[in-house]
Amino acid sequence: MTFLVMLLVGLAFLVILPLMLIKLVLGLIFLPFKLLGFVFRVVFGVTFGVVGLVFQLLFSGVGLVLALLALVGLALLVPLIPILLIGVGLWLLVRSTSRRPPPLRLSA
């Protein structure tokens, strides 16, 4: 019985050892590609990465500046609304009372 166990362990060792060596050799062959993939994952990551983080900070800053400009513009234009309404009313009044020349008719 012990001889059979030793024989099976020896056969398993003879099968497993070449597989482990093949795995080690392939792992060393593909190691540069794994490292390159890791670098790409860090730089162009799934969620943000370095490039995504830079763009996120850049565009959030641009959005903040544009929001502040819109807020300042709105604060400056709100007091001008009554003047704008008076101007539009006068323009409509002048336009409705002005006499327009009749449209040109082309006779054939």
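Given the structure is predicted, the values throughout are model-derived calculations rather than measurements. Just so you know, the residues in each chain are numbered from 1, in the order the chain's sequence is written. Totals for whole chains, interfaces and linings use all residues, but because this is a predicted model, local features are given only for residues with pLDDT of at least 70 and pairs of side-chain atoms are given and counted only at 80 or more. Calculation of side-chain values draws on the structure's entire complement of heavy atoms; hydrogens and water are dropped beforehand.

1. Some words on the overall build of the protein chain
Move 1: Helix and strand counts for the protein chain stand at three helices and zero strands.
Move 2: Helix numbering and strand numbering both begin at the N terminus, where a helix is a DSSP run of H or I of at least 4 residues and a strand a DSSP run of E of at least 2. For the protein chain, the N- to C-terminal ordering of α and β elements is α-α-α.
Move 3: At 40 Å, the protein chain has a C-alpha radius of gyration far larger than the 13 Å of a compact globule built from 108 residues.
Move 4: Seen through its principal axes, the protein chain has C-alpha atoms that stretch 120 × 55 × 30 Å.
Move 5: Relative accessibility thresholds used throughout: buried, under 20% of the residue-type maximum; exposed, over 50%; partly exposed, between the two (1.4 Å probe, protein chains only). The proportion of buried residues among the 108 residues of the protein chain is 2%.
Move 6: Computed with a 1.4 Å probe, the accessible areas rest on the Shrake-Rupley method; for each residue, only the protein chains presented here act as cover. For the protein chain, the computed accessible surface area is about 10400 Å², with 83% contributed by carbon and sulfur atoms. Every radius of gyration here is taken over C-alpha atoms, with the globule rule written as 2.2 Å times N^0.38, N being the number of residues.

2. A closer look at the confidence of the model for the protein chain
Move 1: Residues at a pLDDT of 70 or more form 97% of the protein chain, whose mean pLDDT is 87.
Move 2: Summarising per-element confidence for the protein chain, the mean pLDDT is lowest in helix α1 (residues 2-43) (88) and highest in helix α3 (residues 81-97) (91). Every residue is assigned a pLDDT by the predictor, reflecting its confidence on a scale from 0 to 100.

3. Remarks on the environment of P82
Move 1: With respect to the secondary-structure elements, P82 resides in helix α3.
Move 2: Look at P82 and you get partly exposed, because its relative accessible area is 47%.
Move 3: Here the alpha-carbon distance between P82 and L19, two residues 63 residues apart in the chain, equals 85 Å.

4. Digging into the environment of L11
Move 1: Structurally, the position occupied by L11 is in helix α1.
Move 2: Sequence separation between L11 and F59 is 48 residues; the distance between their C-alpha atoms is 63 Å.

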